Amino acid sequence: MTPDLDLTSVPAWAVEPSCPAADLTGRQYTVLAIGAEAAEIAARWTAQISAEHRVHRVADAAEACRALDADLADARVGWRLLLAGPAHVCLRVRARALELGATDDEITVASTEVDTREVYCAHCRSTTTAATGLSQEITCPDCGRRLFVYYHVSRRLGAHLGFATHADTAP
């Protein structure tokens with residue numbers, strides 16, 4: 001039985017690709033396009049924004065987080081983050097934004113791909129990137145346990161929770 005996603009911590013954009021309109025209520029924007037597929041979304045958003053904005057086209061989460069760190073260092077009241085890219089990368093960048101003090105209502109996310117997930121192993125604390133769906137199982141490459149990909153996303157880590165389906169048996 002699948003839970004109602006509205007009752008979980010999994011954002012809808014991490015399950016179905018999405019492309020929401022830009023949040024036009026801000027006074028200053030950071031637009032992050034992660035990967036080639038996100039460039040079109042970022043271009044559409046920047047065409048709608050009349051306020052001050054910075055656009056970063058990056059390849060991965062590390063580059064996106066560096067750009068985010070730099071922009072947030074001199075952000076003012078009314079700052080918004082428009083984030084586009086694969087959902088698993090957007091979750092990681094969103095986690096960084098939240099860590100730096102941003103709030104959910106300041107962040108708009110458009111996901112270009114949702115079939116890849118970062119799964120945090122509750123047993124050995126490693127994070128694995130895998131092509132998997134929710135409620136499927138993967139093998140943790142570090143501890144060897146079979147992990148159930150649960151309907152929970154850590155806001156701090158930006159990863160889905162994975163736990164052993166048979167935790168009482170050794171791997």
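The coordinates are above.
Now for a description of the structure that goes with this document.

1. Details of the overall build of the chain
Assigned secondary structure in the chain consists of three helices and nine strands. Secondary structure of the chain in N-to-C order comes out as β-α-β-α-β-α-β-β-β-β-β-β. Relative to the compact-globule value of 16 Å for 171 residues, the chain shows a C-alpha radius of gyration of 17 Å, a close match. With the principal axes as the frame, the chain shows a C-alpha extent of 60 × 30 × 30 Å. Taking all 171 residues of the chain together, 46% fall into the buried category. Counted over contacts in the chain with a minimum sequence separation of 6, partners at least 24 positions apart contribute 63%. Total accessible area computed for the chain in this model is approximately 8,600 Å², and 51% of it derives from carbon and sulfur atoms. Of the side-chain charges in the chain, 16 are positive and 22 negative, and the distance between the mean point of each set is 5 Å.

2. What to know about the packing of aromatic side chains
Within this structure, the stated rule accounts for three aromatic pairs. Pairing Phe148 with Tyr150 gives two aromatic rings, centres 6.3 Å apart and planes at 50°, and the pair type is tilted. Here the aromatic cluster, defined as three or more aromatic residues joined through ring pairs, consists of Phe148, Tyr150 and Phe163.

3. Brief notes about the side chain of Arg117
Relative to the elements of secondary structure, Arg117 occurs in strand S5 (residues 116-121). Here the side chain of Arg117 touches Thr132 through a polar contact of 3.0 Å, landing on its backbone oxygen. When neighbours within four sequence positions are excluded, Arg117 is seen to be in contact with Ala14, His88, Thr128, Thr129, Ala130, Thr132, Gly133, Leu134, Val149 and His160.

4. Concerning the sheet that holds strand S3 (residues 79-86)
With parallel pairing, the four strands of this open sheet are ordered in space as S2-S1-S3-S4. This sheet does not close on itself; its edge strands, each paired only once, are strand S2 (52-58) and strand S4 (107-113). For this sheet, the mean angle separating the axes of adjacent strands, direction not counted, is 10°. Sheet topology note: the S3/S4 ladder contains six bridges and is parallel. Considered in S4, the bridge of Leu81 is made with Ile107. Most of the contacts of helix H3 (residues 87-99) go to S3, to which it runs at about 155°, and overall it touches strand S1 (28-34), S3 and S4.

5. So, the nonpolar core
Leu32, Leu81, Leu83 and Val93 are the most contacted members of the largest nonpolar core, which totals 36 residues. For this core, the secondary structure elements donating two or more residues are S1, helix H2 (61-73), S3, H3, S4, S5 and strand S8 (146-154). The element best represented in this core is H3, accounting for seven residues. If sequence neighbours within four positions are ignored, Leu32 has contacts with His56, Ala64, Ala67, Leu68, Leu81, Leu82, Leu83, Ala84 and Val93. By size, the runner-up hydrophobic cluster in this structure holds twelve residues, among which are Val31, Ala33, Ile41 and Trp45.

6. Observations concerning the sheet that holds S8
The strand order across the open sheet built from five strands is S6-S5-S9-S8-S7, with neighbouring strands paired in mixed fashion. Edge positions in the sheet fall to strand S6 (127-131) and strand S7 (137-139), since each of these pairs with one other strand and no more. Adjacent strand axes in the sheet meet at a mean angle of 45° when their direction is disregarded. Pairing analysis gives five bridges linking S8 to strand S9 (residues 159-164), with the strands arranged antiparallel.

7. Details of helix H1 (residues 39-48)
Given 3.6 residues per turn, any residue in an α-helix points the same way as the ones three and four places further on. For H1, the complete set of buried residues consists of Ile41, Ala42, Trp45 and Thr46. For H1, the buried positions fall inside an angular range of 130° around the axis, keeping them on one side. Exposed residues pointing more than 90 degrees away from the buried face of H1 are listed as Glu40 and Ala47. Each element contacted by the buried residues of H1 is listed here: S1, S2, S3 and S4.

8. Focus: the side chain of Thr46
Residue position: Thr46 is located in helix H1. Here the side chain of Thr46 touches Ala43 through a polar contact of 3.1 Å, landing on its backbone oxygen.

Reading the values: the criteria
- Residues numbered from 1 in each chain as written.
- Predicted model: local features only at pLDDT ≥ 70, side-chain atom pairs only at ≥ 80, totals over all residues.
- Heavy atoms only, no water.
- Helix = DSSP H or I, 4+ residues; strand = E, 2+ residues; numbered from the N terminus.
- Rg over C-alpha atoms; globule rule 2.2 N^0.38 Å.
- Buried < 20%, exposed > 50% of the residue type's maximum accessible area, 1.4 Å probe, protein only.
- Contact = heavy atoms within 4.5 Å.
- Areas by Shrake-Rupley, 256 points an atom, 1.4 Å probe, with all protein chains shown as cover.
- Lys, Arg positive; Asp, Glu negative; His and termini not counted.
- Charge placed at Lys NZ, Arg CZ, Asp CG, Glu CD.
- Phe/Tyr/Trp six-rings, centres within 6.5 Å; stacked < 30°, edge-to-face > 60°.
- Polar contact = N/O pair within 3.5 Å; in protein donor to acceptor, adjacent residues only side chain to side chain.
- Pairing = 2+ DSSP bridges.
- Axes fitted to C-alpha atoms, helices over the stretch in contact; angles between N-to-C directions.
- Core = buried A, V, L, I, M, F, W, Y, C linked by side-chain atoms within 4.5 Å.
- Arc of directions from axis to C-beta.

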